[in-house]
Amino acid sequence: MTRTDVISALGKDRLHIGGKTAKDGWKLLNIQAMEGADYIGDIRDLSLFADASFDAVYASHVLEHVGYQKALGDVALSIHRILRPGGKFLVSVPDLDILCRLFVHEQATLDDRFFVMRMMFGGQVDEHDFHFVGLNAELLTRCLQEAGFRDIYRVPEFGIFKDTSSMRYKGVLISLNMVAIK
């Protein structure tokens, strides 16, 4: 299956949460007003979208920006709500397992550790760039299952957008990329 086939298999109504660049076939939601954004809003409040509005929702390095006490579960439930039956949630987060290994690697320099620490806690360049939760495959799978998703599986990369879902540090892919089906 080609990349075009994979994307077309996602259906025609697709939402990209947190993206920075408009792309044909995708509606863009961002918390900050920017060129190309179709919607300005916070992932913690998806009430502007009706139930079963989308065939696919994509969020790369967004979920870690919400708290794990309540918001993370609420966000997963909201994404499940706005997806049509059979819809796909393509989600990418910093992989805490990978980042921990990179941080404690015996050859890591202080600069390496600082860079990895920023991936764990956010770049903190503005009020939206803070991370409130660290996730690995086990924790993210449980969150998605509790929200009602089924057939949850990991993929190496999505290759849909040029974003952090494909980021490598020292040759190591740092993202946990998963597909969850409603």
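The sections below set out a description of the structure shown in this document.

Cut-offs applied
- Residues numbered from 1 in each chain as written.
- Predicted model: local features only at pLDDT ≥ 70, side-chain atom pairs only at ≥ 80, totals over all residues.
- Heavy atoms only, no water.
- Core = buried A, V, L, I, M, F, W, Y, C linked by side-chain atoms within 4.5 Å.
- Buried < 20%, exposed > 50% of the residue type's maximum accessible area, 1.4 Å probe, protein only.
- Helix = DSSP H or I, 4+ residues; strand = E, 2+ residues; numbered from the N terminus.
- Contact = heavy atoms within 4.5 Å.
- Pairing = 2+ DSSP bridges.

### So, the nonpolar core
Residues Ile-17, Val-57, Leu-63, Ile-79, Phe-89 and Leu-140 are the most contacted members of the largest nonpolar core, which totals 31 residues. Elements with a minimum of two residues in this core: strand 1 (14-17), strand 4 (54-60), helix 2 (71-82), strand 5 (83-94), helix 5 (137-146) and strand 9 (175-181). Residue contributions to this core peak at five residues, all from helix 2. Contacts of Val-57, omitting those with residues within four sequence positions, involve Leu-15, Ile-17, Ile-79, Ile-82, Leu-83, Lys-88, Phe-89 and Leu-90. Core analysis: the next-biggest nonpolar cluster, separate from the first, contains 11 residues, Leu-10, Tyr-58, Phe-158 and Ile-181 among them.

### Structural notes on unusual backbone geometry
The phi angle at Gln-124 is positive, at roughly 55°, despite the residue not being glycine. Along the chain, Gln-124 turns up in the loop between helix 4 (110-121) and helix 5. By relative accessible area, Gln-124 is classed as partly exposed at 42%. Even without a glycine there, the phi angle at Asp-151 is positive, about 45°. Looking at the element boundaries, Asp-151 is found in strand 6 (residues 150-155).

### So, the pairing of strand 1
Taking every second residue as pointing to the same face, both faces of strand 1 are buried, with Arg-14 and His-16 on one and Leu-15 and Ile-17 on the other. By the bridge criterion, four bridges tie strand 1 to strand 4 in an arrangement that is parallel. Following the sheet pairing, Leu-15 is matched in strand 4 by Val-57. With three bridges joining them, strand 1 and strand 2 (residues 27-30) adopt parallel strand pairing. Each bridged residue has a counterpart across the sheet, and for Leu-15 the counterpart in strand 2 is Lys-27.

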